[in-house]
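# Residue-level structure breakdown
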Amino acid sequence: MTRFLITYHGMPYPEVDTIRASRAALREWADKSLGTALVDFGTPLLLGGQIARGEPVDAVDIDGYSIIEARSLADARELLSDHPYIARGGTIQINECLEL
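Since the structure is predicted, the reported quantities are computational estimates derived from the model, not experimental observations.

## Details of the pattern of salt bridges
Across all of its chains, the model carries 2 salt bridges by this definition. Two residues, Asp75 and Arg71, come together in a salt bridge whose shortest N-O distance is 3.4 Å. Owing to a relative accessible area of 27%, Asp75 belongs among the partly exposed residues under this scheme.

This is the structure in structure tokens:
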């Protein structure tokens with residue numbers, strides 16, 4: 001199985017009470033739709049700055065992350081196709097975690 005880093009983008013950061021309610025709904029969806037494919041449920045993220053030698057690249061806001069396992073990118077996309085974050089207007093990015 002291959003691991004995939006899922007990052008969430010494009011949604012304004014909500015109030016804490018909204019986060020709690022949406023995380024509960026997301027957890028319910030993940031348990032039902034992802035099952036054992038879910039490796040790390042993840043957490044919301046706040047940009048804390050950058051460190052670089054010279055000029056840093058443009059910062060990218062990442063609203064949160066999760067890690068899943070799937071046989072292929074196509075399978076990962078299928079697992080995530082009805083993700084509630086997409087339904088709320090956000091974007092999900094899927095990155096394959098390479099084993100070196």
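Next, the rest of the story.
## Digging into the environment of Met11
Along the chain, Met11 falls in the loop between strand E1 (2-9) and helix H1 (16-33). As a C-alpha pair, Met11 and Arg53 span 42 residues in sequence and 30 Å in three-dimensional space. Look past the residues within four positions of Met11 in its chain and what remains in contact with it is Asp63, Tyr85, Arg88, Gly89 and Gly90.

## Some details on the packing of aromatic side chains
Per the counting criterion, the structure on display carries 1 aromatic pair. Looking at Arg27, its charged tip hangs above the ring of Phe41, at a distance of 3.8 Å from the centre.

## A closer look at the nonpolar core
Counting residues in hydrophobic clusters, the biggest one holds 15 residues, and the most contacted among them are Ile6, Leu34, Ile68 and Leu80. Secondary-structure elements contributing two or more residues to this core are E1, H1, strand E2 (38-44), strand E3 (64-70) and helix H2 (73-80). Contacts of Ile6, omitting those with residues within four sequence positions, involve Gly64, Tyr65, Ser66, Ile68, Leu80, Ile92, Gln93 and Ile94.

## A closer look at a nonpolar patch on the surface
On the surface, a cluster of nonpolar side chains totalling about 220 Å² of accessible area is made up of Leu45, Val60 and Ile62. Here Leu45 shows up in the loop between E2 and E3.

## Focus on empty space enclosed by the protein
Per the counting criterion, the structure on display carries 1 cavity of 30 Å³ or more. The space that makes up the largest cavity amounts to roughly 60 Å³. With 3 residues, H1 is the single largest residue contributor to the lining of the largest cavity. A class-by-class count of the residues in the lining of the largest cavity yields 10 nonpolar, 2 polar and no charged.

Calculation criteria
Residues numbered from 1 in each chain as written. Predicted model: local features only at pLDDT ≥ 70, side-chain atom pairs only at ≥ 80, totals over all residues. Heavy atoms only, no water. Salt bridge = Lys/Arg side-chain N within 4 Å of Asp/Glu carboxyl O. Buried < 20%, exposed > 50% of the residue type's maximum accessible area, 1.4 Å probe, protein only. Helix = DSSP H or I, 4+ residues; strand = E, 2+ residues; numbered from the N terminus. Contact = heavy atoms within 4.5 Å. Phe/Tyr/Trp six-rings, centres within 6.5 Å; stacked < 30°, edge-to-face > 60°. Lys NZ or Arg CZ within 6 Å of the ring centre and 35° of its normal. Core = buried A, V, L, I, M, F, W, Y, C linked by side-chain atoms within 4.5 Å. Patch = residues over 30% accessible without salt bridge, like charges linked within 9 Å, V, L, I, M, F, W, Y side chains within 5 Å. Areas by Shrake-Rupley, 256 points an atom, 1.4 Å probe, with all protein chains shown as cover. 1 Å grid on protein atoms, 1.4 Å probe; cavity = no way out; pocket = protein on both sides within 12 Å on 5 of 7 lines; lining within 4 Å. Points joined across faces, edges and corners; volume = space filled by probe spheres on them. Nonpolar A, V, L, I, M, F, W, Y, C, P; charged D, E, K, R; others polar.

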